[in-house]
Amino acid sequence: MVTQSDIEMSILHSMKKSANDCLKSCIKTGSADKLVHLSKDRIKNLPEFPENEIKVIFDLVFREILFDYIVKNKGNDDFHWYDRLLEISIQAVRGGACTGNLPVNLFADLFESKKLDDCEKLFELLEKRVNIWKEPLFFDQVKNQMLRCCNDLLRRLSKSQNTVFGGRILELLARFFPLFERSGLNLTSQFNLENTITIGLDEVDSSVGGDDVSMEDGEMSTTETIQVDYNLYRKFWFLQTFFRNPNSLNQKSNWKQFQAYSNDILSVLSTYKLDSSNSLDLKILENDSDLYEKYSEMHFTRYLTNQKLLELQLSDSSFRRYILIQFLVLFQYLQSPSRVRQDNFLISEDQLNWIKDTDDKILQLIEETPPNGSAMRKCIEHALKRDAFWNNWKNENCPALKTVNDRAEVEFNIAPRERLGDELRKAAEDGRVIIGGSELCKIWNLCPDNWEACLSKGRIFTPTLNRFFEEVISRFDTMSPEERKKLLAEKSDFVWRSLRLLSQKSQHFFTPSNQSLMKPITDYLDGAIEKIIKDLTAAADNNKTHQELAIQDAEDISNDELLKQVDENSNNGLSSEVAPGNREEEK
C-alpha cells in the first residue's frame, strides 16, 4: 500500500534529479536562469511543500555535485570550475532558488576537503566577493557561517609558518563585519595568557658555538660583541611575563622587578649599536627580481628562547624592533584610561616620570636602528596615536559611527544660498563683479574697470636701454668683435628681445639707405650696441659737464655776495649781522 509519505518522497526524489540535471547544464553555460525557472515552477505547482524545503533540496544538489567533482578530480582540481559553481550559486540565491547561506556553505565544504595550500588559493574566491557577502540579502544569513568557516581555517594554520594566510583571513573578517561589531572588539580587554615563554633553568656556556654561528641574511653586526650571560638571558625573556599580562604590574614587587630588568636590557641595547654598513638594503635587491621577491615578503617569526641564540637575536634589527615596540605598547596601556581596569590600579608620579623618560629613550633607539630608522619611528608613533583613538572609542562603549554626510547634516546648519539673480543685482549695486569661484572674483574685483587696469603704471614693464644692455655694455670692451658676434649668435632669444626694444626706444634701429640691407643680424646688432654705448657715454659726459658748470656758477655767486657784504659793512661801520632791509630803514 502506497502511503502519503512515499508519494512525497518520490516527488522530492524526482525534483532532486531534475535539479541535478538542470544544474549540470547551468554549469556548462555559466548561467543559473534555467535553475531559477525550475525552482519557481516547483514552488508554484507544489503548494503542499513549503518554499524553504524546496530551496533546501536545491542547496543539497549544489553540495552533492561539488562533492562528486572533488572525489572524481582529486589532485587535478580546476579552480575555474569552482569559481563558476560559486557564481551560479550566487545567481540562484538572488533568483530565489536557494537559501542565502548556500555560497558560504560551499566554501566551508571546499576548505574541509582541501589541503592548506589549496585552501590558500581557493580563499581568493571568497576575498574578491566580500562586497557581495555584505549585501542585505546575504549578510544576515552568512555572517555566522562565515565566522565559523574562517575560525576553522585559523585553527588549522601554524602561527609561525602560515602568518600571511592568517593575516588574510583576519583582514577578510575586518572588511566583512562592521567596525562596531561587538564580537570582534574585546570589550572586556582580555589578554592572551596562554602565550607562555619557556626559560632555560640551567646556565649555558655562551662561548660554546657562539663564534662558529654565521650571520643570516637580514641580520646586522654590532660594533662590539654582546656578552650574553645567563643573568641577562633570564631577565630578557622574563620581561615577556609582564608584556602578556600588564595588570600584574599593579603589585609593587612586580613593578620594581620590571623596572630593574627594563633598565638593564635597554642599557645593553643602547651600548651595542647595530652597524648599518652590513644591513640588507632592499634598494640594491630591486635590480634582482628573484632576490627582491624573496626578501620583500613580510614574515613574522616566533622566536626560540634558547640562550645560545640570544646573541644573534639581539644583532637582528627586526628582533630589536619587536622588543622595543612591546615596551611602547605596554607604556601606552599603563598611561591610557580604561573602564575595565581595576580601580586600585594607579600609576604614581615617580612611575609616570620613569615611563616618559624610558619612552623617549626607546623612540631614540628605534630611530638609531637601521635600516630606515627615522621612517620606522614615524610609523610607530602614528600607529600608537591611532591606537589611542581606538582605546577612547572603546571606553565610550563603542558608539555607532556615523557617515560623513550624516554628521554634516547634524552638526552644520547650512544657510540656504541666495538666488543667482539677487546676487548679481546686489553686486552691481556695490560695483563688484561675480564670476567663477571666490578666488577668481577676488582677482576681478581688484580693479573692476578693465580700461583703467590696462592703463595702470604697474603694467608698464618694458626696461630702458641702459638697464637691458647693462651686462653687455660691461663686457663690451673686454671682448673682441668676433667673440661678441659669436655670443650674440648663441643667444637667439636675447637678439629677438633686443630688436623689439630697439624698434621702440632707439633711432639706431633704422639704417641709412646707402648701407647694405643684407648685413648679418649679429653684425647689425653689434653695431647698434656700439652706437648705444657711444650715446650713453656722451650723455654721461654732458651731464658731468653741466654739473661742474653749475657748481662753478654757484661758487662765483657766493663769492660775489660775500665781497659785496664785506664792502657794505666796512663803509657803514655796521656788523655783518644787520640785514640789508634794516640798513635801508636807518637811512
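All figures in this text were calculated on a predicted structure; none of them were measured in a lab.

What counts, and where the lines are drawn
- Throughout, residues of each chain are indexed from 1 in the direction in which the sequence is written.
- Selection of residues for local features in this predicted model requires a pLDDT of at least 70, selection of side-chain atom pairs for listing and counting requires 80 or more, and totals for whole chains, interfaces and linings are taken over all residues.
- The side-chain figures draw on all heavy atoms in the structure; neither hydrogens nor water molecules are used.
- By definition, any uninterrupted DSSP run of H or I lasting at least four residues is a helix, any uninterrupted run of E lasting at least two residues is a strand, and each is numbered from the N terminus.
- Two N or O atoms form a polar contact when they lie within 3.5 Å of each other; inside protein one atom must be a possible hydrogen donor and the other a possible acceptor, and for residues adjacent in sequence the pair counts only when both atoms belong to side chains.
- Pairs of residues are marked as contacts when any of their non-hydrogen atoms sit within 4.5 Å.
- Each nonpolar core is a collection of buried residues, namely Ala, Val, Leu, Ile, Met, Phe, Trp, Tyr and Cys, held together in the definition by side-chain atoms within 4.5 Å.
- A simple rule labels every residue: compare its accessible area, found with a 1.4 Å probe on the protein chains alone, to the largest value its type can have, and call it buried under 20%, exposed over 50%, or partly exposed in between.
- What a helix should span is 1.5 Å times the count of its residues minus one.
- Here the arc refers to the set of directions running from the helix axis out to each C-beta atom.
- Note on definitions: angles span 0 to 180 degrees between N-to-C directions of axes, and those axes are lines fitted to C-alpha atoms, for helices only across the stretch in contact.
- Under this scheme an angle from 65 to 115 degrees is roughly perpendicular, one under 35 degrees roughly parallel, and one over 145 degrees roughly antiparallel; angles in between are oblique.
- Throughout, a crossing is termed right-handed when the near helix is turned clockwise from the far one, and left-handed when it is turned anticlockwise from it by less than a right angle.
- Only Asp, Glu, Lys and Arg are considered charged in this grouping, and only Ala, Val, Leu, Ile, Met, Phe, Trp, Tyr, Cys and Pro are considered nonpolar; every other residue, Gly among them, is considered polar.
- We define a salt bridge as a side-chain nitrogen of Lys or Arg found within 4 Å of a carboxyl oxygen belonging to Asp or Glu.
- Residues enter patches when their relative accessible area tops 30% and they take part in no salt bridge; the joining distance is 9 Å for like charges and 5 Å for the nonpolar side chains Val, Leu, Ile, Met, Phe, Trp and Tyr.
- Throughout, the Shrake-Rupley method with a 1.4 Å probe supplies accessible areas, and for residues the shown protein chains are the sole cover considered.
- Centre distance within 6.5 Å is the pairing criterion for rings of Phe, Tyr and Trp, where only the six-membered ring of Trp is used; planes under 30 degrees apart are then read as stacked, over 60 as edge-to-face, and the remainder as tilted.

Trainee: Could you give me a rundown of the side chain of Q145, with the residues and numbers involved?
Mentor: Along the polypeptide, Q145 turns up in helix α8 (residues 136-156). Only 3.4 Å separates the side chain of Q145 from the side chain of N105, close enough to count as a polar contact. In this structure, Q145 is in contact with V104, N105 and A108, ignoring residues within four places of it in sequence.

Trainee: I'd like a description of the nonpolar core, backed by residues and values.
Mentor: By size, the foremost hydrophobic cluster in this structure holds 61 residues, and its most contacted members are F62, Y82, F111, W133 and M146. By residue number, the principal contributor to this core is helix α3 (residues 51-72), which donates nine residues. With residues up to four places along the chain from it excluded, the contact list for F62 reads L23, L35, L85, I88, S89, A92, C98, L102 and L106. One finds F258, Y272, F319 and I366 within the second-largest nonpolar core, a separate group that totals 38 residues.

Trainee: Explain helix α11 (residues 252-271) residue by residue, including any values.
Mentor: With 20 residues, α11 ought to run about 28 Å at 1.5 Å a step, and its terminal C-alpha atoms sit 29 Å apart, in line with that. Looking at α11, one finds that the buried residues are N254, W255, F258, Y261, S262, I265, L266, V268 and L269. One face of α11 carries all of its buried residues, which in axial projection span an arc of 160 degrees. Turned more than 90 degrees from where α11 packs its buried face, K252, S253 and K256 sit exposed. Those residues of α11 that are buried lie in contact with α10 (230-244), α14 (310-314), α15 (317-335) and α16 (349-368).

Trainee: Quick rundown of the packing of α15 against helix α17 (residues 373-395)? Include the residues and the values.
Mentor: Their axes nearest at 11 Å, the elements α15 and α17 cross at an angle of 30 degrees. The angle between α15 and α17 falls in the class roughly parallel. Considering the relative orientation of α15 and α17, their crossing is right-handed. Contacts between α15 and α17 pair R321, I325, L328, V329 and Q332 from the former with G373, M376, I380, L384, D387 and A388 from the latter. For the contact of α15 with α17, the residue count by class is seven nonpolar, two polar and two charged.

Trainee: Explain the pattern of salt bridges to me, using residue names and the numbers behind them.
Mentor: Inspection of every chain in the model, using the stated rule, returns 15 salt bridges. Here R129 ties to D83 by a salt bridge, and the two come within 2.3 Å at their closest N and O atoms. On the criterion of sequence distance, the pair formed by R129 in the loop between α6 (116-127) and α7 (130-133) and D83 in helix α4 (residues 79-94) is long-range, its members being 46 residues apart. Neither R129 nor D83 differs from the other in exposure class; each is buried. Note that E367 and R377 form a salt bridge whose closest N and O atoms lie 2.8 Å from each other.

Trainee: Residue-level account of a nonpolar patch on the surface, with values.
Mentor: Judged by side-chain polarity, I435, L440, I443, W444 and L446 come together as a nonpolar surface patch covering roughly 500 Å² of accessible area. Summarising the element assignment, W444 is placed in helix α20 (residues 438-444). Residue W444 is classed as partly exposed on the basis of its relative accessible area of 36%.

Trainee: So what's going on with the packing of aromatic side chains? Which residues, and what values?
Mentor: Taken as a whole and judged by the stated rule, the model has 31 aromatic pairs. Pairing F236 with W237 gives two aromatic rings, centres 5.2 Å apart and planes at 90 degrees, and the pair type is edge-to-face. Comparing F236 with W237, the two get one shared label, buried. Each residue in the set F238, F242, F243, W255, F258, Y261, F327, F331 and W354 is aromatic and connected to the rest through ring pairs, giving one cluster.

Trainee: Summarise the side chain of S248; cite the residues concerned and give the values.
Mentor: Tracing the sequence through the fold places S248 in the loop between α10 and α11. Judged by relative accessible area, S248 falls into the buried class, the value being 16%. Residues in contact with S248, not counting those within four places in the same chain, are F242 and N254.

Nothing here speaks to function; it is geometry throughout.
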